[in-house]
Amino acid sequence: MEPEIQAKFATYPLEAQKQLEYVRGLIFTLAAENALGTVEETLKWGEASYQVKGGSPIRIDWKAKTPTVIQIYFHCQTSLVETFREIYRDEFSYEGKRALVLPLNTAIKTGPLSHCLQLALKYHSLKHLPLLGA
């Protein structure tokens, strides 16, 4: 984990840290399993950001103003969140066209979340397909 990401996560409550580290791990696992190349891990706008070549950036964060959830942000000018909402209407809460909202007190449903993250990691090769080929 990049030192600045580790330092940022260390400022969050333990439960938020655990969920963010879990989502981070999923991103790296999916990139490796799908041979998507190196994951670029940086801080953007004060949030942990992940991207592979040919993918759309994924940012993850916890905010004090919404202390019971973490958010997974996607580029709002993509069709990613609209697609997730169509496929997984009842699996997640959403923040507009930009984020999945995951409660801290609920176990993450790995299958649906992995699918959403994989679509983002492969976005540029899928963006022309209906529902991103899902």
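Cut-offs applied
- Residues numbered from 1 in each chain as written.
- Predicted model: local features only at pLDDT ≥ 70, side-chain atom pairs only at ≥ 80, totals over all residues.
- Heavy atoms only, no water.
- Helix = DSSP H or I, 4+ residues; strand = E, 2+ residues; numbered from the N terminus.
- Rg over C-alpha atoms; globule rule 2.2 N^0.38 Å.
- Buried < 20%, exposed > 50% of the residue type's maximum accessible area, 1.4 Å probe, protein only.
- Contact = heavy atoms within 4.5 Å.
- Lys, Arg positive; Asp, Glu negative; His and termini not counted.
- Charge placed at Lys NZ, Arg CZ, Asp CG, Glu CD.
- Pairing = 2+ DSSP bridges.
- Phe/Tyr/Trp six-rings, centres within 6.5 Å; stacked < 30°, edge-to-face > 60°.

**Remarks on the overall build of the chain**
Now for step 1: Along the backbone of the chain there are 5 helices and 6 strands.
Now for step 2: Taken from N to C terminus, the helices and strands of the chain fall in the order α-α-β-β-β-β-α-β-β-α-α.
Now for step 3: Over its C-alpha atoms the chain spans a radius of gyration of 14 Å, differing by no more than 12% from the 14 Å that the globule rule assigns to 134 residues.
Now for step 4: Counting only C-alpha atoms and orienting by the principal axes, one finds that the chain spans roughly 40 × 30 × 25 Å.
Now for step 5: Buried positions account for 45% of the 134 residues belonging to the chain.
Now for step 6: In the chain, 53% of the contacts between residues at least 6 apart in sequence involve partners at least 24 apart.
Now for step 7: Distance from the positive charge centre (15 side chains) to the negative charge centre (14 side chains) of the chain: 5 Å.

**Concerning the pairing of strand S1 (residues 40–44)**
Now for step 1: Relative to strand S2 (residues 47–51), S1 runs antiparallel, the two being bridged by 5 bridges. Each residue of the ladder has a partner; that of Lys 44, found in S2, is Glu 47.
Now for step 2: Linking two consecutive strands that pair antiparallel, namely S1 and S2, is a turn of 2 residues; a positive phi of about 55 degrees is found at Trp 45 within it.

**Focus on the packing of aromatic side chains**
Now for step 1: With the rule as written, the count across this model stands at 6 aromatic pairs.
Now for step 2: Note on Phe 9 and Tyr 12: the rings are 6.2 Å apart at their centroids and 35 degrees apart in plane angle, and the pair reads as tilted. Each member of the pair, Phe 9 together with Tyr 12, is buried.
Now for step 3: With 6.0 Å between their ring centres and 80 degrees between their planes, Phe 28 and Tyr 50 make a pair best called edge-to-face. In this pair, Phe 28 is assigned in helix H2 (residues 14–33) and Tyr 50 in strand S2, connecting sequence segments 22 residues apart.
Now for step 4: Looking at Tyr 50, the relative accessible area reads 0%, which means it is buried.
Now for step 5: Put simply, the rings of Phe 9, Tyr 12 and Trp 62 touch in pairs and so form one group of aromatic residues.

**Side note on unusual backbone geometry**
A negative phi holds for most residues other than glycine; trans holds for most peptide bonds.
Now for step 1: In this model, Ala 35 sits at a positive phi of 50 degrees, which is unusual for a non-glycine residue.
Now for step 2: Note on placement: Ala 35 falls in the loop between H2 and S1.
Now for step 3: According to the relative accessible area criterion, Ala 35 is exposed, its value standing at 69%.
Now for step 4: With a phi close to 55 degrees, Trp 45 is a non-glycine residue in the positive phi region.
Now for step 5: Here Trp 45 lies in the loop between S1 and S2.
Now for step 6: A residue is classified by how much of its surface remains accessible, and Trp 45, at 72% relative accessible area, is exposed.

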